[in-house]
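The residues making up each chain are set out below.
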Amino acid sequence: MPVRPLLPVLCLLPAVACATGPSQDLDVPPPARWTPPALSTDQYESSPVFSPDGRELFFFRAPPAFDRYRLLHSRCEGAQWGAPRAPAFAGPAQALETDPAYSPDGAWLYYASDRTHPGDLDIWRVPRLGDGSWGEPERLPAPVNSAQAELLPRPLADGRVLLGSHRAGGMGGRDVYLATPRDGGGWDVATLPAPVNTPQDEYEADLSADGRVLVVVANRGTRSHLYVYDREGEGEAWHERGRVPAYADVFQVGPLLSPDGRRLLFAQADGAASGEFFLVDLAPGADPRWPPVCGE
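Residues numbered from 1 in each chain as written. Predicted model: local features only at pLDDT ≥ 70, side-chain atom pairs only at ≥ 80, totals over all residues. Heavy atoms only, no water.

Thoughts on the overall build of the protein
Per the secondary structure count, the protein includes one helix and 20 strands. In summary, the protein has a C-alpha radius of gyration of 18 Å against a globular reference of 19 Å for 296 residues, a match within 12%. Based on the C-alpha atoms only, the size of the protein along its principal axes is roughly 50 × 45 × 40 Å. Within the protein, the fraction of its 296 residues that count as buried is 55%. For the protein, contacts bridging at least 24 residues in sequence account for 48% of all contacts bridging at least 6. A total of about 12,500 Å² of accessible surface is found on the protein, and carbon and sulfur atoms cover 54% of it. Averaging the coordinates of the 26 positive side-chain charges in the protein and doing the same for the 39 negative ones gives two points 2 Å apart. (Helix = DSSP H or I, 4+ residues; strand = E, 2+ residues; numbered from the N terminus. Rg over C-alpha atoms; globule rule 2.2 N^0.38 Å. Buried < 20%, exposed > 50% of the residue type's maximum accessible area, 1.4 Å probe, protein only. Contact = heavy atoms within 4.5 Å. Areas by Shrake-Rupley, 256 points an atom, 1.4 Å probe, with all protein chains shown as cover. Lys, Arg positive; Asp, Glu negative; His and termini not counted. Charge placed at Lys NZ, Arg CZ, Asp CG, Glu CD.)

Quick word on the sheet that holds strand β17 (residues 239-243)
An order of β14-β15-β16-β17 is seen for the four strands of this open sheet, with the pairing classed as antiparallel. Strands with a single pairing partner mark the edges of an open sheet, and in this sheet they are β14 (201-207) and β17. For this sheet the average axis-to-axis angle between neighbouring strands, irrespective of direction, equals 30°. (Pairing = 2+ DSSP bridges. Axes fitted to C-alpha atoms, helices over the stretch in contact; angles between N-to-C directions.)

Considering the nonpolar core
V244, L264 and L282 are the most contacted members of the largest nonpolar core, which totals 54 residues. Discounting chain neighbours no more than four positions away, the residues touching L282 are L26, V28, V215, V228, R241, V244, L257, G261, R262, R263 and L264. Counting residues in each nonpolar core, the second largest holds 14 residues, with L162, L207, V216 and A218 among its members. (Core = buried A, V, L, I, M, F, W, Y, C linked by side-chain atoms within 4.5 Å.)

Comments concerning the sheet that holds strand β13 (residues 187-191)
Strand order in the open sheet formed by four strands is β10-β11-β12-β13, with antiparallel pairing between adjacent strands. The outermost strands of the open sheet, each flanked by one partner alone, are β10 (150-155) and β13. Taken pair by pair, the neighbouring strands of this sheet meet at an average axis angle of 25°, ignoring direction.

Structural notes on the state of the cysteines
Simply put, the disulfide is a covalent bond whose two ends are the sulfur atoms of two cysteines. One pass over the structure, following the stated rule, counts one disulfide. The disulfide partner of C76 is C294, and the gap between their sulfur atoms is 2.1 Å. Its torsion about the S-S bond being 100°, the disulfide of C76 and C294 is classed as right-handed. Taken together, the residues C76 in strand β4 (residues 70-77) and C294 in the segment after β20 (275-281) connect sequence positions 218 residues apart. (Disulfide = S-S within 2.5 Å.)

Here it is, written out as structure tokens:
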């Protein structure tokens with residue numbers, strides 16, 4: 001079983017005591033359920049991402065135990081999202097596949113899979129061909145991938161990739177990393193600095209298009225919750241804004257920021273057996289056209 005579910009799921013159980021962290025909730029309206037009807041089931045839907053044209057939605061679905069991840073995608077058909085289907089590049093039925101993300105130009109779909117190393121999620125990507133079909137998936141090399149689990153790849157416009165990893169050498173058990181391609185080939189991978197990473201667990205993150213807003217999934221003595229960070233510009237220090245005021249008794253995962261960084265989609269349990277997509281405004285003036293509205 002992958003590493004990710006263990007800490008969050010434990011804190012869903014009434015018998016497990018979880019301490020309260022020091023971060024303050026943001027003073028924003030409470031998140032609202034957003035899942036399109038065609039995608040909602042009694043399973044756990046998580047990590048929604050949209051194609052650049054806004055007409056395709058990838059996500060993953062898992063049983064309530066959050067342990068058998070499979071990728072699915074839906075197309076905007078007429079005025080509603082269509083029934084989700086497995087992508088043509090899906091791995092074997094026993095493989096775990098999760099955490100999709102389009103490259104900003106739509107030329108690649110990144111995701112995590114254990115298709116070649118069962119139980120060890122690695123970062124893969126698959127090209128989108130000119131006719132709309134998919135090419136052959138490829139596993140990213142070391143040091144992007146390691147002997148431990150990698151999660152939630154987020155390719156950036158400059159070719160770098162944001163990801164979570166459980167590898168040795170970070171600031172804690174799990175950390176958020178930035179992988180930077182070298183001009184001559186190969187990669188450099190480094191942890192994001194404090195206060196984003198801590199001696200506790202940070203393992204998913206998404207960055208706004210302008211690089212100034214960061215949302216991190218972290219377990220810091222409570223359940224895994226969403227923490228928002230700001231910085232003035234590239235190279236500046238990150239400053240914690242606060243925690244998203246989501247459900248306190250369940251974990252949150254799969255963050256996706258709007259391009260302007262003012263809105264956030266994420267997943268959390270909404271009932272005994274269901275994970276759903278939720279939308280929250282992080283700042284005033286959010287673009288009401290995001291998430292993309294099917295049919296407009």
